[in-house]
Amino acid sequence: MQKTILRAYKYRIYPNKEQVKFLENHFGACRFVYNCFWGKYKDTKLPNKTLLQKELKELKKNENYSWLNQINSQSLQVSIHNLIKAYKRAFSKEVVKERKIALARANTPKQKAKALKLGFPKFKSKKNNYQSFNIPQNVKIKENKVYIPKLKEGIKVKFHRPLSQNGKIKQATISRKNGKYFISILIEEVIKIAKKPFKAIGIDMGLEHFIILSNGEKISNPRWFRKTEQRLKILQKRLSRKVLHSRNWYKLKAKISKFHEKILNQRNDFLHKVSIAIAKQYLLIAIENLSVKNMQKNHYLAKSISDVSWSKFVEFLKYKSEWYGAKLIQIDKFFPSSKTCNICGYKIDKLPLSKRKWTCPYCNTTHDRDINASINILKTALSGMEQPVEPVEVCQKATVEAGSPDYNL
């Protein structure tokens, strides 16, 4: 079976001094166009895409903004498209609901003004550590260089993994973070989905262990942020003693940013490895649909929940399950998976987080609360499935360590 997908390949690029100046001009120009039109229409209704593109042409004819002609015109148009998307998102049901709640809670005029702006686009700052611009077409790759419009000489690229040769380049995004430059190339490619036996798995997400599978396997939580937290505290204290915006202040701030970047890279690498291992092996994946935003309101667990990054893991599982022909089912967040006995269906009234094991009073089965929850999640997902499934064996001793490069799930 063949399927057409969009897959992004991100690589680090090494521009020379002239190319760095060229890229920085593009970052600034795209940011200027976005801020210019939002500043003009933030108090009124934003016009449609056609009218904004006409205004962009007139803006480029102005002598004061003639430097915009040196920038790729399509990249500037993408900035307009991004502004329109952000403006439309402000009127979605979820954002409107959040805005109404914020207005109801506002007591002072300042709080009300802030609540009214909730969800609307914000001005882009040149001080932001992350800067980017998009190139919708005319991106070419030859040997170890990438060629983009308005730049004759190619930019050196480090291909740490092979780029798809059969796919078609749809667009590219060049970005800068912590002084490093990257290019993300979006490829449209046709993949072959191999047939695999119908195997299903239930996943329960936790903090003591990252995920607990219905076959008894537990993947430990790496706690990337916790490992470097003490070092970050020391650096933050040093930063607080520096003169604001001094040379040493900027040096130390860059050092702290690199620490956070390393934590992010470690976390993403771990999440990619685990999610792709599950998507490749199973045809049906059942997982709970947690309200992470509400759970982070618990100040005792907020830091640990942010560090474990459940939302990103589910996001990775969603698109990778499509790549490998798997089906992802999310169970309702109010389903009492831990409190329900997976043998007889008996539901207990209370089960505090400190209690990791419990015995069913009806069938006298002792449950590990996490494994029990993952089995119940799988059973709920299978309740509407007509196709038979292989039996899932429960083994509480099996554990997969987070530090291992391969996850044989």
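On a predicted model such as this, the values are computed, not experimentally measured, just so you know. (Residues numbered from 1 in each chain as written. Predicted model: local features only at pLDDT ≥ 70, side-chain atom pairs only at ≥ 80, totals over all residues. Heavy atoms only, no water.)

(A) Region of the structure containing the packing of helix H1 (residues 17–41) against helix H3 (residues 73–89). Relative to each other, H1 and H3 sit at 40°, their axes nearing to 9 Å. Considered as vectors, H1 and H3 are oriented oblique to each other. Crossing geometry of H1 relative to H3 is assigned as right-handed. Note on element contacts: H3 touches H1 through Ser 75, Leu 76, Ser 79, Ile 80, Asn 82, Leu 83, Ala 86 and Tyr 87, opposite His 26, Ala 29, Cys 30, Val 33, Tyr 34, Phe 37 and Trp 38. For the contact of H1 with H3, the per-class residue count stands at 11 nonpolar, four polar and no charged. (Axes fitted to C-alpha atoms, helices over the stretch in contact; angles between N-to-C directions. Helix = DSSP H or I, 4+ residues; strand = E, 2+ residues; numbered from the N terminus. Parallel < 35°, antiparallel > 145°, perpendicular 65-115°, else oblique. Left-handed = near helix turned anticlockwise from the far one by under 90°. Contact = heavy atoms within 4.5 Å. Nonpolar A, V, L, I, M, F, W, Y, C, P; charged D, E, K, R; others polar.)

(B) Local environment of the pattern of salt bridges. Applying the stated rule across the entire model yields 13 salt bridges. The salt bridge partner of Arg 356 is Glu 208, with a shortest N-O separation of 3.8 Å. On the criterion of sequence distance, the pair formed by Arg 356 in the loop between strand S12 (327–331) and strand S13 (357–359) and Glu 208 in the loop between strand S8 (200–205) and strand S9 (209–213) is long-range, its members being 148 residues apart. Relative accessible area serves as the criterion here: at 30%, Arg 356 is assigned to the partly exposed category. What makes Glu 208 partly exposed here is its relative accessible area of 47%. For Asp 307, the salt bridge identified is with Arg 267, shortest N-O distance 2.9 Å. (Salt bridge = Lys/Arg side-chain N within 4 Å of Asp/Glu carboxyl O. Buried < 20%, exposed > 50% of the residue type's maximum accessible area, 1.4 Å probe, protein only.)

(C) Molecular detail of the packing of aromatic side chains. This structure, assessed with the given rule, holds 14 aromatic pairs. Where Phe 91 meets Phe 120, the ring centres are 5.5 Å apart and the plane angle is 90°; that geometry is what we call edge-to-face. Taken as a pair, Phe 91 in the loop between H3 and helix H4 (93–105) and Phe 120 in the loop between helix H5 (109–116) and strand S2 (130–135) lie far apart in primary sequence, 29 residues in all. Aromatic ring contacts, followed pair by pair, group Trp 38, Tyr 87, Phe 91 and Phe 120 into a single cluster. Between the NZ or CZ atom of Arg 7 and the centre of the ring of Trp 323, over which it lies, the distance is 4.0 Å. Against the face of Tyr 34 rests Lys 124, its NZ or CZ located 4.6 Å from the ring centre. (Phe/Tyr/Trp six-rings, centres within 6.5 Å; stacked < 30°, edge-to-face > 60°. Lys NZ or Arg CZ within 6 Å of the ring centre and 35° of its normal.)

(D) Just the nonpolar core, in detail. In terms of nonpolar packing, the biggest core is built from 40 residues, with Ile 13, Leu 23, Phe 37, Leu 76, Ile 148, Ile 174 and Ile 183 touching the most fellow members. Mapped onto this core, the elements with two or more residues apiece are strand S1 (2–14), H1, helix H2 (49–61), H3, S2, strand S5 (155–158), strand S6 (168–177) and strand S7 (180–192). Of all the elements, H1 adds the most residues to this core, at 10 residues. Setting aside chain neighbours within four positions, we find Ile 13 in contact with Leu 23, Ile 155, Lys 156, Val 157, Ile 174, Tyr 181, Phe 182 and Ile 183. Within the second largest apolar cluster, 31 residues are counted, among which are Leu 213, Leu 235, Val 308 and Val 314. (Core = buried A, V, L, I, M, F, W, Y, C linked by side-chain atoms within 4.5 Å.)

(E) Main features of helix H10 (residues 310–323). In this model, H10 (14 residues) spans 20 Å end to end at C-alpha, consistent with the 20 Å of a helix rising 1.5 Å per residue. All of the buried residues along H10 are Trp 310, Phe 313, Val 314, Phe 316, Leu 317, Lys 320, Ser 321 and Trp 323. Gly 325 sits one or two residues past H10 and shows a positive phi near 70°. (Expected span 1.5 Å × (residues − 1).)

(F) Highlighting the sheet that holds S1. Strand order in the open sheet formed by seven strands is S2-S6-S7-S1-S5-S4-S3, with antiparallel pairing between adjacent strands. The sheet is open, and its two edges are formed by S2 and strand S3 (140–142), each paired on a single side. Between one strand and the next, the sheet's axes are offset by a mean angle of 35°, whatever the strand orientation. Note: S6 against S7, nine bridges, orientation antiparallel. Bridge pairing links Thr 173 to Ser 184 in S7. Lying over the sheet, H1 contacts S1, S2, S5, S6 and S7, oriented at roughly 90° with respect to S2. (Pairing = 2+ DSSP bridges.)

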